[in-house]
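Breakdown of the fold
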Amino acid sequence: MGPVGKQSPSAPPGPTGGSCLLLLFCLRLGASCPQGCQCPDHAGAVAVHCSARGLQEIPKDIPADAVLLKLDANKIAHIPNGAFQHLNQLRELDLSQNTIETIGPAAFSGLAGGLRLLDLSHNRIRRIPKDALGKLSAKIRLSHNPLHCECALQEALWELKLDPESVDEIACHTAVRDEYVGKPLIQALDSGVSFCSTHHKTTDVAMLVTMFGWFAMVITYVVYYVRQNQEDARKHLEYLKSLPSAPASKDAVGPAP
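As annotated in an unreviewed UniProt entry, the protein chain is Leucine-rich repeat-containing protein 3 from Lynx canadensis. Its UniProt record gives the protein chain a comment under Sequence similarities (unreviewed entry), which states: "Belongs to the LRRC3 family." Its UniProt record, at the heading Subcellular location (unreviewed entry), says of the protein chain: "Membrane".

This is the structure in structure tokens:
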């Protein structure tokens, strides 16, 4: 039997393949997750939790593969154009309980196809930015905002898909008709009220007043013109009467007796 070769000491165990992948994945998330936020991964879906972080603007380094983004309970007052344009996999966006007053017309560009829920409740929105929200197919929550009930709001709501669970909580903070201040907007619309009729009525009255003004001006001009012509004709007639009579011609005089 031949000599047995000397066995080399075993090398220290290295990390398994799965551990390496997990480590790399955690490092990737740590590098792309906004500071102070949490970005857990569940079955390959990245959720970004930035609730109550004192944020005053939308973070710039949100992971591009995020499907859920929670920015609620912060101090965000404005949503700029293109704020989420790189998040084409986003399905739910929570912007509730901020101080949002203005929204850029292209604030949600890039989200039109995939977004399923947009929460804008408990903010300071007075007027609905139809250009920003009209192209979204997502359910939208707008409750507890100081909305001004007018024709523009009614026309904007026709193009939105409101969340049925919160639509009853949308109220008129102010309105073009005082009797609906503080009332649920859906209740007013269901009763057949149209805020646009007030707008159209005001427009019609303005048009009538303008037309009457033009008509009165034309009539005044015609009356002045007729009176002026009458006066000129009277003066001309008096002038003709004041002229001496022409002497009769000799041919017109008969033979002397």
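Once that is clear, we can look at the sheet that holds strand E3 (residues 66-70). Two modes of strand pairing occur in sheets, parallel and antiparallel, and in both the strands are linked by backbone hydrogen bonds. Here we have six strands laid out as an open sheet, ordered E1-E2-E3-E5-E7-E8, and mixed in their pairing. With one partner strand each, in any of the chains shown, strand E1 (41-42) and strand E8 (139-141) form the two edges of the open sheet. Note that strand E7 (residues 117-119) and E8 share three bridges and pair parallel. Across the sheet, the residue bridging to aspartate 119 is arginine 141, located in E8.

A separate point is the pairing of strand E2 (residues 45-49). On any regular strand, side chains alternate: one points to one face of the sheet, the next to the other face. Sheet topology places E1 next to E2; two bridges connect them, and they run antiparallel. Its bridge partner lying in E2, aspartate 41 is registered against valine 46. Where E1 folds back on E2, the antiparallel hairpin that results is connected by two residues, among which alanine 43 adopts a positive phi of roughly 55 degrees. In terms of strand pairing, E2 meets E3 through four bridges, oriented parallel. Considered in E3, the bridge of valine 48 is made with leucine 69.

Keep in mind that low pLDDT regions are not for reading the predicted coordinates in detail. Averaged over all residues, the pLDDT of the protein chain equals 80, while 72% of them reach at least 70. pLDDT under 50 marks residues 1-31. Its contacts with residues more than four places away, or in other chains, come to six contacts. Long-range and interchain partners of residues 199-205, a stretch whose pLDDT sits below 50, account for one contact in this model, where long-range means more than four residues apart.

Relative to the elements of secondary structure, phenylalanine 195 occurs in helix H5 (residues 195-242). Placed 18 residues apart in sequence, phenylalanine 195 and arginine 177 show a C-alpha to C-alpha distance of 7.9 Å.

As a further point, take a positive patch on the surface. On the surface, a cluster of positive charge is made up of Arg91, Arg116, Lys139 and Lys161. For arginine 91, the location among the structural elements is in the loop between strand E4 (78-79) and strand E5 (92-94).

Turning to the pairing of E3, a few remarks are in order. Where E3 lies against E5, three bridges are found, and the strand directions are parallel. Across the sheet, residue leucine 68 finds its bridge partner in E5, namely glutamate 92.

Rules behind the numbers
- Here, residues in each chain are numbered from 1, in the same order as that chain's written sequence.
- The predicted origin of the model limits local features to residues at a pLDDT of at least 70 and limits the giving and counting of side-chain atom pairs to 80 or more, whereas totals for whole chains, interfaces and linings rest on all residues.
- Heavy atoms throughout the structure, all of them, feed into the side-chain values; hydrogens and water do not.
- UniProt positions are given in the numbering used here, feature names are shortened, and annotations may be inferred rather than shown by experiment.
- The pairing criterion for strands is at least two bridges between them, as found by DSSP.
- Here a helix means four or more residues in a row that DSSP labels H or I, a strand means two or more in a row labelled E, and each is numbered from the N terminus.
- Confidence scores here are pLDDT values: one per residue, from the predictor, ranging 0 to 100.
- Only heavy atoms matter for contacts: two residues are in contact if any of them lie within 4.5 Å across the pair.
- What makes a patch is a set of residues exposed beyond 30% relative accessible area and free of salt bridges, joined within 9 Å when like-charged and within 5 Å when nonpolar (Val, Leu, Ile, Met, Phe, Trp, Tyr).
- Here, Shrake-Rupley sampling with a 1.4 Å probe gives the accessible areas, and only protein chains in the shown set may cover a residue.
- One side-chain nitrogen of Lys or Arg within 4 Å of one carboxyl oxygen of Asp or Glu is enough to make a salt bridge.
- Residues scored as positive are Lys and Arg, those scored as negative are Asp and Glu, and His as well as the terminal groups of each chain are ignored.
- Positions of charges follow a simple convention, taking NZ of Lys, CZ of Arg, CG of Asp or CD of Glu.

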